[in-house]
Amino acid sequence: MISTLAFSQTNLEVSGTVADSGGELLPGVTVVVKGTTNGTITDIDGNYSLKNVPSDGTLMFSFIGMNSIDVAVNGQTSISVTLESANIAIEEVVAVGYGVQKKSSVTGAISQVKSEDMENRTITNPLQAISGKTAGTQVYSNSAAPGSSPTIRIRGINSNNSSDPLYVVDGRIASSIAGIEPNDIESMEILKDAASAAIYGAQAGNGVVLITTKKGKKGTGTLSYDFQYTIQSIGKTPHVMNSEQFIDYWTEAGKFSMDRVYQYWDFEQNTDWVNEIFESSVMQRHNISFQGGNEKGSYYLSGSILDNNGMVFGDADTYKRYTGMINTNYHIKSWLEVGTNNQLEYYERRSVSEGSEYGSLILSTLQLDPMTAVTYTEDNMPDNMSTALANYRANGVGELLSDGNGNYYSVSPFLTSENLNPLIMRDNSYSKSAGFNINGTAFLNLKPIEGLVATSRFSYLLSAGESYGYSHDYYANAMSYQNFMSLSASSSNNIRIQWENFATYNRSFGEHNLSAMVGTSFTKMRSFGVSGSKTGTDDNLGVLRDDPRYYYFGYATSEAIKDVNGGQPTIRTQNAYFGRLGYNYKEKYLAEIVMRTDAFDSAYLPVDNRWGYFPGGSFGWVVSKESFMQDASSWIDFLKLRASWGQNGSLAGLGSYAYRTSVTSTGSYPFSSSPLYSVGYKPSTTGNEELKWETAEQTDLGIDARFLESRLSLTFDYFNKKTKDLIVTGITPSTIVGNTASPINAGNIENKGFELELGWKDMKGDFSYDVRGNISSIKNEVTNIHESLDYIAGAGFHTTSGITRFEVGKPAWYFYGYEFQGIDAATGDPVFVDQNDDQIINDDDKVDLGKGIPDLTYGITLTAAYKGFDAIVFGQGSYGNDIYTCLNRTDYAVNSLTYFTEDRWTTENTNGIRPRAGANDMDKYYTSSASVFDGSYFKIKQIQLGYTLPGSLLNKMGLKKLRVYASLEDYFTFTKYIGFDPEVTGVGNSLGVDKGSYPNSKKIIFGFNVSF
């Protein structure tokens, strides 16, 4: 009977093509006769052919990242299909600590940044991709120079010490992610609430950033090459005085006379130092990758080159980086998988001085007089330069620097200060840093029974860095010169190993679903470094000569002053146990409990306090699955309510045996009539055996929802985060013991706010679009510090200390100074509010002037596609933050900003709103509310247009994909701020303090992506 039935069926040979929704033919698609093992895969052109297909059978088409479909044969011999992207399925999976979860089942507050948010942008550091893309995160930068790294804050500033989050790359804890090529990242998850982060315990108090790198995909191997060419130029520039304005202002102030002007100014010179020093520059990046896989395993290999020459004239601000990645996994048996993920980096960097009121090249472009030219020849240089040149030729001391073509870098004959001609500051020294990082993981997954996976994972980091520099003998002015050479160099290396073993069990019992994970972690770190220097002296100028042969230590004479530091290795260890238990009923009622306990060695905490315990719990209710929601199912696709609570720790302020009692020498003392001396010792610190972790406790309430066939998505969170036991130094004990008090736990800080992420995506025929936006608020307040402290002083400016403060009742590191009241119409001097009415303006009259923390941060991304064309517009901004502008000093005439000089008081303009030139109390004026500005801004970070060639043309070219694009980045900034860049100011206790940081460039980008 079976034979008769078999012969009665008609078997066919079926062929066809498989494409995606954009018409691109797909290689590697699996085509199988349903219910059999008879199958094949599509070739490089998306074609397939399959024999012995029953005429009444069904073909199944499946491909990773696509929705599988079944097609009835019905006697057909040609069947071509189109597979749709499984976008929803991809979005539902997010990384969590030691595993992944479906987003619909996540009960914590987790935001995700995907690979498409990083591809084809000019970002060089993965943290730059987070800015404006997720709610609840603030990305700050104190420099946009090539190779610089931004700083991220997750739900605010949580400590008076470091507030940096924990970084985890493919399960490996990393101190930095700056060396990871963004194109190699599959996704980044930000664990924002305490329950989600609790699995990382003592290091998660400031949140956690999880990075998952790319893996190979099943199917035919793919070779991809991405190229990007970027033209960079200075963007927004501050308004500075021209020569006439500068002369009027500073002669009024009495800094120099008109006689000097007539002597040295040609009535034409009007140097714009910003335009003279910054130039258009180029950044190039190349990325090549190979990937592929089958049912047994997969591989992903990549290599990248980044070459960024910054905007400062010449090659003094450069960053070169070479990176590689090797990720692979293989199933030896159905129950045994092994794999490894590895990243390699080598970098070289040069940088210029910035972000300081003393000797900053960037700041000098705003402070130099415009009457002086950039260079002079020997025939037309001013007298002060001629005298210096003659002295050098006579005595061999005090060389005027030049470009080597007979053009000497100018020295102003009008003013003297530490900020010089930027070309002198660029060339009076040479410095370079370089290093490498080799890091990764090797893992083994064992599946002894259904639902159980035991993982053993070994992670490693091998890194080394070095710096080298020398300073010339040179002369710029009476304040800035050096009569001898100096050399310096340093070298350091770090080794970190991490071994983790954990087991995960997932099991369903009817409609009950259980997941459990338990594990242990051990970490050991070793660091070693040494530095040295050699310098000459004014008494022995010849020990180091300004000759290239003497730019190395080996050529310095024995008379040079030598200094060597370091050479002592530092070893740190950590041990931890952790676990997670999750339960859901019908995927409707969700619960998860997490616990981790950590211990670090005695360098961090005393033995009795070295263990910390960090619990977390979260709950969820998928309301949309309730029967009473069925009437709303036509427009509500998914609705989940979440709540979580937990505690995390922080290592901020710990390390280097801060709790110990130390003893120091006090000198030699005679204790007898004979000339015999004994060395005396005394305790220098009191010690604190009760020192413990800083602990962050957080409550989060959230909503996740999708509406209108999942076209509209919404995520909302409200959080309240309280960090207690902040580690504080400088307290005054109630009992005076004659030495310094050790750090104690004596401070609290609170952050609370809301976060909203909205998205809308739809398709109309060949036109598709996607709009995503986010906004978040933050209210930060210090709620307690030790009773002996009124405040903790932060950043200073020139001779003024504590222009930022950490004080109870105020935001962390708020601005502190005088309240500017106006101008005395009789004198033109600034007037300040006498806060205590004692008729004296002093430190007692300083008040809160603002804060660097924004009230709101937001971002919006619009994407659209029509046939082969696509477009992206991305913008971000902040609102409610202030900037303390520290661009002027009063001890020298170094103010060229027109804002502080226009509409000033004069005898003809007694109603002027700014002080007269040379006014009294200008030191108070520049540390008052007159120097605090609204730092709110909105930037259009990206405008990109792209075109992908159609599949029919690609087939003729032998390509899988080719996309070309052009972009503008950081091109449009809307702000009232008077400085360079409101997005780039100080960080840490200098948050929002601008001392002339290297600004973002505006960029024009051309690039293409090609796959074979």
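Structure's up top.
The following paragraphs examine the structure supplied in this document. Just so you know, these numbers come straight off a predicted model, no measurement behind them.

### Quick notes on the overall build of the protein
- Per the secondary structure count, the protein includes 11 helices and 57 strands.
- Judged by the C-alpha coordinates and their principal axes, the protein covers about 120 × 70 × 65 Å.
- The buried share of the protein, taken over its 1012 residues, is 50%.
- Considering only contacts within the protein whose residues lie at least 6 apart along the sequence, 71% involve residues at least 24 apart.
- With the model as given, the accessible surface of the protein reaches about 44200 Å², and the carbon-plus-sulfur share is 53%.
- If you average the places of the 80 positive and of the 110 negative side-chain charges in the protein, the two averages end up 9 Å apart.

### Remarks on the sheet that holds strand E44 (residues 792–793)
- The strand order across the open sheet formed by 4 strands is E44-E45-E46-E49, and the pairing between neighbours is antiparallel. Each edge of the sheet is formed by a strand with only one pairing partner; in this case those strands are E44 and strand E49 (847–850).
- Where strand E46 (residues 814–817) lies against E49, 3 bridges are found, and the strand directions are antiparallel. Looking at the pairing, Gly817 lines up with Val847 of E49.

### Comments concerning the environment of Thr441
- Looking at the secondary structure, you find Thr441 in strand E24 (residues 429–446).
- The spatial distance from the C-alpha of Thr441 to the C-alpha of Tyr971 is 40 Å, given a sequence separation of 530 residues.
- Once residues within four sequence positions are removed from consideration, Thr441 is found in contact with Asp170, Arg172, Gly339, Thr340, Asn341, Asn342, Arg457, Phe458, Ser459 and Tyr460.

### Describing unusual backbone geometry
- One non-glycine residue with positive phi stands out, namely Asn74, at about 50°.
- Take Asn74: it is sitting in the loop between strand E6 (69–72) and strand E7 (81–83).
- By relative accessible area, which is 63% here, Asn74 ends up exposed.
- A positive phi is found at Asp725, a non-glycine position, where the angle reads about 60°.
- Tracing the sequence through the fold places Asp725 in the loop between strand E38 (712–724) and strand E39 (727–728).
- Its relative accessible area of 17% is what places Asp725 among the buried residues.

### Side note on the environment of Asn745
- Within the element layout of this structure, Asn745 appears in strand E40 (residues 744–745).
- By relative accessible area, which is 19% here, Asn745 ends up buried.
- Remark: the alpha-carbon pair of Asn745 and Asn989, spanning 244 residues in sequence, is separated by 19 Å.
- Side-chain polar atoms of Asn745 contact the backbone nitrogen of Lys692, separated by 2.9 Å.
- Among the polar contacts listed, one links the side chain of Asn745 to the backbone oxygen of Asp725, at a separation of 2.8 Å.

Reading the values: the criteria
- Residues numbered from 1 in each chain as written.
- Predicted model: local features only at pLDDT ≥ 70, side-chain atom pairs only at ≥ 80, totals over all residues.
- Heavy atoms only, no water.
- Helix = DSSP H or I, 4+ residues; strand = E, 2+ residues; numbered from the N terminus.
- Buried < 20%, exposed > 50% of the residue type's maximum accessible area, 1.4 Å probe, protein only.
- Contact = heavy atoms within 4.5 Å.
- Areas by Shrake-Rupley, 256 points an atom, 1.4 Å probe, with all protein chains shown as cover.
- Lys, Arg positive; Asp, Glu negative; His and termini not counted.
- Charge placed at Lys NZ, Arg CZ, Asp CG, Glu CD.
- Pairing = 2+ DSSP bridges.
- Polar contact = N/O pair within 3.5 Å; in protein donor to acceptor, adjacent residues only side chain to side chain.

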